[in-house]
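Residues per chain are reported as follows:
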Amino acid sequence: MALEQAIHELESAAGDDSMAGSNPVAWRTAVRERLQRIRALMTEPLVSRDGWLVARAQHAERDRCALVERMSAMTAAPRSAGSS
């Protein structure tokens, strides 16, 4: 349930056009923080105790790992324009 709530909060923050237009830095920070929360919730490994679900669990685990990697890249602190 916590993951569903975190996703809902991300959707709300991402869709907040008034904040995005008036203060884009704060908007990006809010969205990044919510992505980090989702990433943290998704790092818990999936476990399947039923033998017939092992293949599905492995597929879901690969998808989850790919999403976590993408979120990690998106939530990394942005570099300043002058840094290399």
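Coordinates for the structure precede this section.
What you see is a predicted model; the values in this text were computed from it and never measured.

1. Considering the packing of helix α1 (residues 2–14) against helix α3 (residues 24–42)
- Where α1 contacts α3, the two axes come as close as 9 Å, and the packing angle between them is 165°. Here α3 runs roughly antiparallel to α1, going by the angle between their axes. Crossing hand, α1 versus α3: left-handed. Two secondary-structure elements touch here, α1 through Ala2, Leu3, Ala6, Ile7, Glu9, Leu10, Ala13 and Ala14 and α3 through Trp27, Val31, Arg34, Leu35, Arg37, Ile38, Leu41 and Met42.

2. Examining the nonpolar core
- In this structure, Ala6, Leu10, Ala13, Val31, Leu35, Ile38, Met42, Val68 and Met71 together form the largest nonpolar core, which totals nine residues.
- The set of elements that each furnish at least two residues to this core consists of α1, α3 and α4 (54–75).
- Top contributing element to this core by residue count: α3, with four residues.
- Among all residues touching Val68, those that are not within four sequence positions of it are Arg39, Met42 and Thr43.

3. Concerning the pattern of salt bridges
- Per the stated rule, a full pass over the model turns up two salt bridges.
- Here Glu9 ties to Arg37 by a salt bridge, and the two come within 2.9 Å at their closest N and O atoms. Linking Glu9 in helix α1 with Arg37 in helix α3, this pair joins segments that are 28 residues apart in sequence.
- Judged by its relative accessible area of 28%, Glu9 is partly exposed.
- Taking the relative accessible area as the measure of exposure, Arg37 reaches 36% and is therefore partly exposed.
- Put simply, Arg64 and Glu61 hold a salt bridge, and the shortest N to O gap is 2.4 Å. With Arg64 and Glu61 both in helix α4, this residue pair falls three residues apart, about one helical turn.
- Exposure remark for Arg64: the relative accessible area of 11% places this residue in the buried category.

Criteria and thresholds
Residues numbered from 1 in each chain as written. Predicted model: local features only at pLDDT ≥ 70, side-chain atom pairs only at ≥ 80, totals over all residues. Heavy atoms only, no water. Axes fitted to C-alpha atoms, helices over the stretch in contact; angles between N-to-C directions. Helix = DSSP H or I, 4+ residues; strand = E, 2+ residues; numbered from the N terminus. Parallel < 35°, antiparallel > 145°, perpendicular 65-115°, else oblique. Left-handed = near helix turned anticlockwise from the far one by under 90°. Contact = heavy atoms within 4.5 Å. Core = buried A, V, L, I, M, F, W, Y, C linked by side-chain atoms within 4.5 Å. Buried < 20%, exposed > 50% of the residue type's maximum accessible area, 1.4 Å probe, protein only. Salt bridge = Lys/Arg side-chain N within 4 Å of Asp/Glu carboxyl O.

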